[in-house]
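Take a look at the letters that make up each chain.
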Amino acid sequence: MSRDSPHLDEMPYSREPLKTLYVAQRLLTTMLLVPFWVLYYACVPRSRRPRPSWSLKQIVSVNFMRRVYRVAEVAGVTWGTRDPDANCDNRTLNETRFEWVEPLPEDLRSGIVVDDQVPFRRVGICVWPKHKPAGLEDLEAHAGQTPVIGIFLHGGGYCHMSAHEKSKTSKIPRRLMQDKAFTEIHSVEYRLLQHAPFPAAVQDAAAVYAHLVRRHTCLNIPSASSSKATSETFTDRDSQNQDHIHGTTGSDGHLTNIEYTKSKDSKDSKNNEIHGKNEKQTTGVTTKVTETTTYEKHCKIILIGDSAGGNLVLALARWIRDEARLPAPDGLLLLSPSCDPSHAFPDTPSCYVPRPHAETDYLVDTPEPRALLQRTFLGHNPLETMHSPYVSPASQRVLKAFYGDQFATSVESLTIRALDAEVRANIRNMISVPSTPVLGGELERSPTSLRRPMMASPRGLSLFTDFPRTCVVLGDAERLEREVIKLVGAMERDGVKVRTAWVEDGVHDVLIMGWWDQKVIDKVWTEVEAWVDDVATSRTVAS
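The rules behind these values
- Residues numbered from 1 in each chain as written.
- Predicted model: local features only at pLDDT ≥ 70, side-chain atom pairs only at ≥ 80, totals over all residues.
- Heavy atoms only, no water.
- Helix = DSSP H or I, 4+ residues; strand = E, 2+ residues; numbered from the N terminus.
- Buried < 20%, exposed > 50% of the residue type's maximum accessible area, 1.4 Å probe, protein only.
- Contact = heavy atoms within 4.5 Å.
- Areas by Shrake-Rupley, 256 points an atom, 1.4 Å probe, with all protein chains shown as cover.
- Pairing = 2+ DSSP bridges.
- Axes fitted to C-alpha atoms, helices over the stretch in contact; angles between N-to-C directions.
- Disulfide = S-S within 2.5 Å.
- Patch = residues over 30% accessible without salt bridge, like charges linked within 9 Å, V, L, I, M, F, W, Y side chains within 5 Å.
- Salt bridge = Lys/Arg side-chain N within 4 Å of Asp/Glu carboxyl O.
- UniProt positions renumbered as here; feature names shortened; annotations may be inferred.
- Phe/Tyr/Trp six-rings, centres within 6.5 Å; stacked < 30°, edge-to-face > 60°.

Per an unreviewed UniProt entry, the chain goes by the name Alpha/beta hydrolase fold-3 domain-containing protein and belongs to Somion occarium.

*Asks:* How would you summarise the overall build of the chain if you had to cite specific residues and measurements?
*Replies:* Of regular secondary structure, the chain possesses 13 helices and 15 strands. Per-residue burial for the chain yields a buried fraction of 58% across its 543 residues. In the chain, 79% of the contacts between residues at least 6 apart in sequence involve partners at least 24 apart. When the accessible surface of the chain is totalled, it reaches about 22700 Å², and 52% of it is carbon and sulfur.

*Asks:* Quick one: what's the story with the sheet that holds strand E12 (residues 300–306), residue by residue and with numbers?
*Replies:* Ordered by their spatial adjacency, eight strands build an open sheet running E1-E2-E4-E3-E12-E13-E14-E15, and the pairing between neighbours is mixed. Both outer strands of the open sheet, strand E1 (97–101) and strand E15 (498–503), are each paired with one neighbouring strand and no more. Pairwise comparison of adjacent strand axes, ignoring direction, gives a mean angle of 20° for this sheet. Where strand E14 (residues 470–475) meets E15, six bridges bridge the pair, whose relative direction is parallel.

*Asks:* Account for the environment of Ala-196, naming residues and giving values.
*Replies:* Checked against the element boundaries, Ala-196 lands in the loop between strand E4 (184–189) and helix H6 (200–215). Under the relative-accessibility criterion, Ala-196 is labelled buried at 9%.

*Asks:* Talk me through the state of the cysteines; I want residue IDs and the actual numbers.
*Replies:* Under the counting rule described, the total for this entry stands at zero disulfides. Of all cysteine sulfurs in the structure, the one in Cys-126 sits closest to Cys-88, which takes part in no disulfide; the separation is 5.4 Å. A relative accessible area of 8% means that Cys-88 is categorised as buried.

*Asks:* So what about the pairing of strand E3 (residues 148–153)? Which residues, and what values?
*Replies:* Counting buried positions along E3 yields six of six residues, so the element is predominantly enclosed. Note that E3 and E12 share six bridges and pair parallel. Residue Leu-153 lies in a different strand from E12, and its bridge partner there is Gly-305.

*Asks:* Account for a nonpolar patch on the surface, with residues named and values stated.
*Replies:* Taken together, the side chains of Tyr-13, Leu-18 and Leu-21 make up a nonpolar region of the molecular surface, amounting to roughly 290 Å² of accessible area. Looking at the element boundaries, Leu-21 is found in helix H2 (residues 18–43). We classify Leu-21 as exposed; its relative accessible area is 57%.

*Asks:* Report on the UniProt feature "transmembrane region" (unreviewed entry) in the chain, specifying residues and quantitative values.
*Replies:* As annotated in UniProt, the feature "transmembrane region" (unreviewed entry) corresponds to residues 21–42 in the numbering used here. This span, residues 21–42, is 100% helix and 0% strand, and a straight line between its end C-alpha atoms measures 32 Å.

*Asks:* Kindly report on the packing of aromatic side chains, identifying the contributing residues and their values.
*Replies:* Within this structure, the stated rule accounts for 13 aromatic pairs. For the ring pair Tyr-69 and Trp-79, a centre distance of 5.4 Å and an interplane angle of 80° mean the geometry is edge-to-face. Of the two residues, Tyr-69 sits in helix H3 (residues 56–75) while Trp-79 sits in the loop between H3 and E1, which places them 10 residues apart along the sequence. For Tyr-69, a relative accessible area of 19% gives the class buried. Look at Trp-79 and you get partly exposed, because its relative accessible area is 25%. Ring centres of Tyr-158 and Tyr-190 lie 6.2 Å apart, and the angle between their planes is 70°; on these two criteria the pair is classed as edge-to-face. Here Tyr-158, found in the loop between E3 and helix H5 (171–178), pairs with Tyr-190, found in the loop between E4 and H6; they are 32 residues apart in sequence, far enough to count as distant. Both residues of the pair, Tyr-158 and Tyr-190, count as buried.

*Asks:* Quick one: what's the story with the pattern of salt bridges, residue by residue and with numbers?
*Replies:* Evaluated as defined, the whole model comprises 20 salt bridges. Salt-bridge contacts for Arg-175 lead to Asp-179; the nearest nitrogen and oxygen are separated by 2.7 Å. Taking the relative accessible area as the measure of exposure, Asp-179 reaches 32% and is therefore partly exposed. A salt bridge links Asp-534 to Arg-499, with the shortest nitrogen-to-oxygen separation between them at 2.6 Å. Highlighted residues: Asp-534 in helix H13 (residues 518–537) and Arg-499 in strand E15, separated in sequence by 35 residues. Several salt bridges share partner residues, and in doing so they unite Arg-51, Arg-417, Asp-476, Glu-504 and Asp-505 into one network.

Spelled out as structure tokens, the structure:
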């Protein structure tokens, strides 16, 4: 069931009859412009085209989509969505099978996923392929044949598209399965902003991740219905319990399994201990566990997300890292990820800087509608949440808080064309002087809180410390180029293994564009699948 969307009340053409009239005239005028675009760009020299390499088909398609996306921004039109609570008849599916996943187990409910106004719900998933691969469990029993499982989080600005196989974004899991890069891919029907605000999408993605870890571990995570464990958020002042988290570290420095043991009450319970690659301190969350439980994956799990789905992948990976209750994924595949929604909220209107490539991408960047949409996405959470690392990990404010002004300035206008080996080395070796946040205080801020967010990570970690290896696909003609390169720079700074697939003259989310140059798309897929193969054949199953 959809909730009220307050951003629609402020949009100029969101109410009838103006909505129908605006959409009709916009589509009509766009259709009339098509022959003009064809004639004009067929006559002018290639150097006058938005990109000299573009064909007439590419030019017309980008211009057409830009005008259509403008309709979505000012009239609140959405497309390709499904009710996340609705069942899906498997008889109508040709490539996938529909399944329900139970809500996130109670003993894993901690950190930013806990919100008394956003209930945990069961989650629908479309699983590729339609029939479960024969001998999947047998593969797990033999060394060197570890199954590779994908969790796909679709794009669409948190208000469009779905996990259904007929959705436009399903071209991504379809291609990966056709090329046999994955054993299975689970496409998540997470709640869009029309249905629930943040952190509902993270709750749903976390439930599916926990479900897969349970299915591919030697010991199960307790189900939501049978779990007797509880979790609670605490501050330095009111904490009364302490857990010990023991892990075994693999050759790449990641935990290969995690073990939790309930400790006795202690007066000095400000910190938990993590025994892994290094001993680190944490503040923010405690878990009451009645017995020792060990989680050890017998598969490789890669989180896949395009556009807003990439933003959700980053939030899920951060939650897994911050809470340290589940083994980490083995890789992140980010396709044109949205990583700075706070761009719509400049400190003052006069300091707003438009995103680049307005003439070469179909994405529009109108500040007022974007801000209204993001405000609905936040829901009851304060506006400050928009600057949380869980929402905008590549914002200038976040980068300055973690690395200092010098680093933030050095990557602010960096482009993918300029991101060569020398620049990457300078980023990795740059001395940063981040601001030091103070725990506690009047508002009792926490790095894992949405209502009282603090730009810091628990246990003294940096922004992307202990994140899994990552592959980023990015076009140099898309509007998100700057923020994605800032993301890559921050990951490089924190030692994450990042591979970037540069789509020259490529627009946003180019891999789902059926009208793009197929040779270019095939080249990108080859790079992506080579990276997936590297993850699949690596010895260590990460945590």
